[in-house]
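# Examination of the molecular architecture
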Amino acid sequence: MRILVGRGWWRGRAITAWVSGAACRMLPWPLPALSRGAAAHSGALERRYSSAERKEKVDMSRFPFENISNFSIVAHVDHSKSTLADRLLELTGTIGSQYFLHLIDTPGHVDFSYEVSRSLSACQGVLLVVDANEGIQAQTVANFFLTFEAQLSAIPVINKIDLKNADPKRVEKQIEKVFDIPSDECIKISAKLGTNIESVLQAIIERIPPPKVHRKNPLRALVFDSTFDQYRGVITNVALFDGVVSKGDRVVSAHTQKTYEVNEVGVLNPNELPTHKLYAGQVGYLIAGMKDVTEAQVGDTLYLHKQPVEPLPGFKSAKPMVFAGMYPVDQSEYNSLKSAIEKLTLNDSSVTVHRDSSLALGAGWRLGFLGLLHMEVFNQRLEQEYNASVILTTPTVPYKAVLSSAKLIKEYREKEITIINPAQFPDKSKVTEYLEPVVLGTVITPDEYTGKIMMLCQARRAIQKNMVFIDQNRVMLKYLFPLNEIVVDFYDSLKSLSSGYASFDYEDAGYQTAELVKMDILLNGNIVEELVTIVHKDKAHSVGKAICERLKDSLPRQLFEIAIQAAIGSKIIARETVKAYRKNVLAKCYGGDITRKMKLLKRQAEGKKKMRKIGNVEVPKDAFIKVLKTQSDK
Ligand SMILES: Nc1nc2c(ncn2[C@@H]2O[C@H](COP(=O)(O)OP(=O)(O)OP(=O)(O)O)[C@@H](O)[C@H]2O)c(=O)[nH]1
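About the thresholds
Residues numbered from 1 in each chain as written. Predicted model: local features only at pLDDT ≥ 70, side-chain atom pairs only at ≥ 80, totals over all residues. Helix = DSSP H or I, 4+ residues; strand = E, 2+ residues; numbered from the N terminus. Buried ≥ 20, exposed ≤ 12 C-beta atoms within 10 Å, placed from the backbone. Contact = placed C-beta atoms within 7 Å. Pairing = 2+ DSSP bridges. Axes fitted to C-alpha atoms, helices over the stretch in contact; angles between N-to-C directions. UniProt positions renumbered as here; feature names shortened; annotations may be inferred. Right-handed = clockwise from strand over helix to strand, strands pointing away. pLDDT = per-residue confidence, 0-100. Parallel < 35°, antiparallel > 145°, perpendicular 65-115°, else oblique. Nonpolar A, V, L, I, M, F, W, Y, C, P; charged D, E, K, R; others polar. Arc of directions from axis to C-beta. Expected span 1.5 Å × (residues − 1).

Secondary structure assignment for the protein chain yields 15 helices and 33 strands. A burial count over the protein chain gives 44% of its 634 residues as buried. A fraction of 73% describes how many contacts in the protein chain between residues 6 or more apart in sequence connect residues 24 or more apart.

Bringing the sheet that holds strand 13 (residues 272-274) into the picture now. Pairing is antiparallel across the open sheet formed by eight strands, whose spatial order is 11-10-16-7-8-15-12-13. This sheet does not close on itself; its edge strands, each paired only once, are strand 11 (259-261) and strand 13. Strand-to-strand twist in this sheet, taken as the mean axis angle between neighbours without regard to direction, amounts to 40°. When strand 12 (residues 264-268) meets strand 15 (residues 283-287), the two strands line up antiparallel, connected through three bridges. Bridged to Val265 within strand 15 is Leu286.

Another aspect to go through is the sheet that holds strand 20 (residues 390-392). Across the sheet, four strands lie side by side as 18-19-17-20; this open sheet has antiparallel pairing. The outermost strands of the open sheet, each flanked by one partner alone, are strand 18 (352-358) and strand 20. Strand after strand, the sheet turns through a mean of 30° between neighbouring axes, direction not considered. Of the strand pairs in this sheet, strand 18 and strand 19 (residues 362-369) are connected by seven bridges, and their pairing is antiparallel. Looking at the pairing, His354 lines up with Arg366 of strand 19.

Residues given the UniProt feature "binding site: GTP" (unreviewed entry) here are Asp105, Thr106, Pro107, Gly108, His109, Asn159, Lys160, Ile161 and Asp162. Given 25 C-beta atoms within a 10 Å radius, Pro107 is considered buried.

Another aspect to go through is the environment of Glu176. Positionally, Glu176 belongs in helix 6 (residues 168-179). As a C-alpha pair, Glu176 and Cys186 span ten residues in sequence and 9.4 Å in three-dimensional space. When residues no more than four places from it in sequence are discounted, the contact partners of Glu176 are Ile181, Pro182 and Ser183.

Buried residues dominate strand 5 (residues 153-159), accounting for six of its seven residues. Where strand 4 (residues 125-131) lies against strand 5, seven bridges are found, and the strand directions are parallel. From the neighbouring strand, Gly125 faces strand 5, where its bridge partner is Ser153. Taking the sense of rotation as the criterion, the β-α-β connection linking strand 4, helix 5 (residues 138-149) and strand 5 turns out right-handed. Relative to strand 6 (residues 187-188), strand 5 runs parallel, the two sharing two bridges. Bridge pairing links Ile158 to Lys188 in strand 6. Following the backbone out of strand 5, through helix 6 and into the adjacent parallel strand 6, one traces a crossover that is right-handed.

Looking at the protein chain as a whole, the pLDDT averages 82, with 83% of positions reaching at least 70. Segment residues 1-56: pLDDT under 50, and 117 contacts once partners within four positions in sequence are set aside and those in other chains are kept. Taken together, the chains of this predicted complex give a pTM of 0.77 and an interface ipTM of 0.96.

Among the secondary structure elements, Ile341 is positioned in helix 8 (residues 334-346). For Ile341, a count of 20 C-beta atoms within 10 Å puts it in the buried group. Taking the C-alpha atoms as reference points, Ile341 and Asn379, 38 residues apart in sequence, are found 9.6 Å from one another.

Moving on to the packing of helix 3 (residues 81-92) against helix 7 (residues 197-207). At a closest axis distance of 10 Å, the pairing of helix 3 and helix 7 adopts a crossing angle of 85°. It follows that helix 3 is roughly perpendicular to helix 7 by the angle criterion. Note on element contacts: helix 7 touches helix 3 through Ile197, Glu198, Val200 and Leu201, opposite Arg87, Leu88 and Leu91. Counted by class, the contact of helix 3 with helix 7 contains five nonpolar, no polar and two charged residues.

For the rest of this paragraph, the subject is helix 11 (residues 450-459). Within helix 11 the residues assigned to the buried category are Ile453, Leu456 and Cys457. Along the axis of helix 11, the buried positions cluster into a sector of 100°, meaning they face one direction only. Opposite the buried face of helix 11, at more than 90 degrees from it, the exposed residues are Gly451, Met455 and Gln458. Where the residues of helix 11 are buried, they touch strand 23 (431-446), strand 25 (474-482) and helix 12 (490-497).

On to unusual backbone geometry, then. What is expected of a backbone is that most residues other than glycine have negative phi and most peptide bonds are trans. Even without being glycine, Lys306 reaches a positive phi, approximately 65°. Residue position: Lys306 is located in the loop between strand 16 (301-304) and strand 17 (322-328). The exposure class of Lys306 is exposed, given the 9 C-beta atoms found within 10 Å. Its identity is not glycine, yet Asn524 carries a phi of approximately 45°, on the positive side.

What follows covers helix 9 (residues 372-386). Along its 15 residues, helix 9 runs 21 Å from first to last C-alpha, staying within 8% of the 21 Å computed at 1.5 Å per residue. Taken residue by residue, helix 9 has Leu372, Leu373, His374, Met375, Val377, Phe378 and Leu382 as its buried positions. Of the residues one or two after helix 9, Asn387 is the one with positive phi, at around 55°.

So, about the pairing of strand 30 (residues 562-568). Pairing analysis gives four bridges linking strand 27 (residues 516-523) to strand 30, with the strands arranged antiparallel. For Leu523, the partnering residue across the bridge sits in strand 30 and is Ile564. Pairing geometry for strand 30 and strand 31 (residues 571-578), over seven bridges, is antiparallel. Note that in strand 31 the partner of Gln565 across the bridge is Arg575. Connecting the antiparallel pair strand 30 and strand 31 is a turn made up of two residues, with Gly569 showing a positive phi of about 60°.

You can see Arg87 is positioned in helix 3. Looking at Arg87, the number of C-beta atoms within 10 Å reads 21, which means it is buried. Sequence separation between Arg87 and Ile547 is 460 residues, and the spatial gap between their C-alpha atoms is 52 Å. Beyond its immediate chain neighbours, meaning those up to four positions away, Arg87 contacts Ala191, Gly194 and Ile197.

See the structure below:
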């Protein structure tokens, strides 16, 4: 499964940037002919620095905030954020400068919408890039609304006008209809050929307001990203809203209240370039002896020791929304996998890790991720960078229960609990209601697929909220989806129903009441702990049936009949039977070769050791893997 992932995602540089939050680049503005009102000009910053200059450090006071633009590029996958950024860099790198442009690269994907919102809060404007052939897609809409919420100026850029099928007029109209931006504000470019890129730079200067900041106030710096460097510790990306910071200052994290001494400040150009100071309005990096990224959380505010300030609004701790069990394929690899997970989480504090164990799969962990893409990327990195082979179980979502039992409330010390592990699912008699996470999904599709897509959404318990034609033959559908219904294969189904043309994106929409039940799977009357599942009442039968069928296909026949049952409480809702059979491993051994017979019997005994015994039924590890990995196929 892969959702909204473009090629660019896998480029070395981009993957780090997306997983950990954001990366930032600084663009010196090259065109002295352009000016914004009465902005003061204050010297030039050359793009290439001599080693002497590097040693001396750049004097950032030469850039008054009126000459600074902090902006970001947002776009649907493959609509060419990277190509445009490269073009802008190329163009700005030619001559001296009057303006200081910070391009803050946001992760873009909905899994990281909190990181996107924090990165955007460091900006005053965005370039909203739309492909001239594909037009507005679901991710364009999601990105636009994040921009709108952050009250930023959006500059629509229609890219790829060189394509044979480009229809910039149609896209202009879509932009006007969906985002209410007059079509004459759209800039039409070809990032590939470099056509009209100057107009984009000009629009950044003219249409994006300078940051509203106060350099004389005490320091107030937003942490909008952080990375871990083995030798230098945590490098935080900061946007200064007030004040000044320099090497030797002592800064305090508003979130943890820990104090640190600043060892280095600088800007990213695009590599780290140390500066004397950073001033309000500027975006740069700060190194201050933080040991791991949990000390520099996205959205935190840094202020000067003994000069506390009101923290910047919007801080949230990372909230995992998708959980999955992770086990080494071979238990002998437990320690190497543990060390790989530790290394990856050093750079990504939003992954939660709890030790877990399963009688069938051995020792492992229960990991929490921001979303599906986040989970997939983490898994891919384990495989690609650490050569790890893992079993990742079907993802689940965090449910909630509002307790009515005084005893349970006392035990949990709260009335509303979050349930990550089905074993903790409280009985219906002890709760007022169960809740499930929901998301507001946007689908954009050519009209001809609308009927099929609506049926798919209905089958996933989604409630339609809106439907509009964004042009003659493209439809935008909005649905409220239970998160659980899209975590497994929704995106793949949508793509195959629409021959690849529909796009999908979603945003967090809180929790809704749900009729949830705990479903047990029994083998000859004994509960299989690994397969206990929380499901919606309406889906219990189909999910239970699918698990029973899958188990039937993967359980070897044994000397006696095996009843596979799905049950809610004492009520059986699905059943399959594996007929009795005796596997005679000696069947093909004619004659009296006793050593060969012994060998075959020994191998059979070893095979049995790998089985997990449930009651009198022996279940091979592979059967668990098959069921756990595909449990929510409907
Ligand atoms: N024809 C044409 N192709 C373009 C243009 N700009 C970018 N492309 C191509 O479109 C594809 C995607 O461009 P990228 O810049 O990688 O897009 P991106 O948005 O950064 O991609 P992700 O990081 O995957 O989201 C690449 O194959 C580019 O060469 C353009 O103006 N015209």
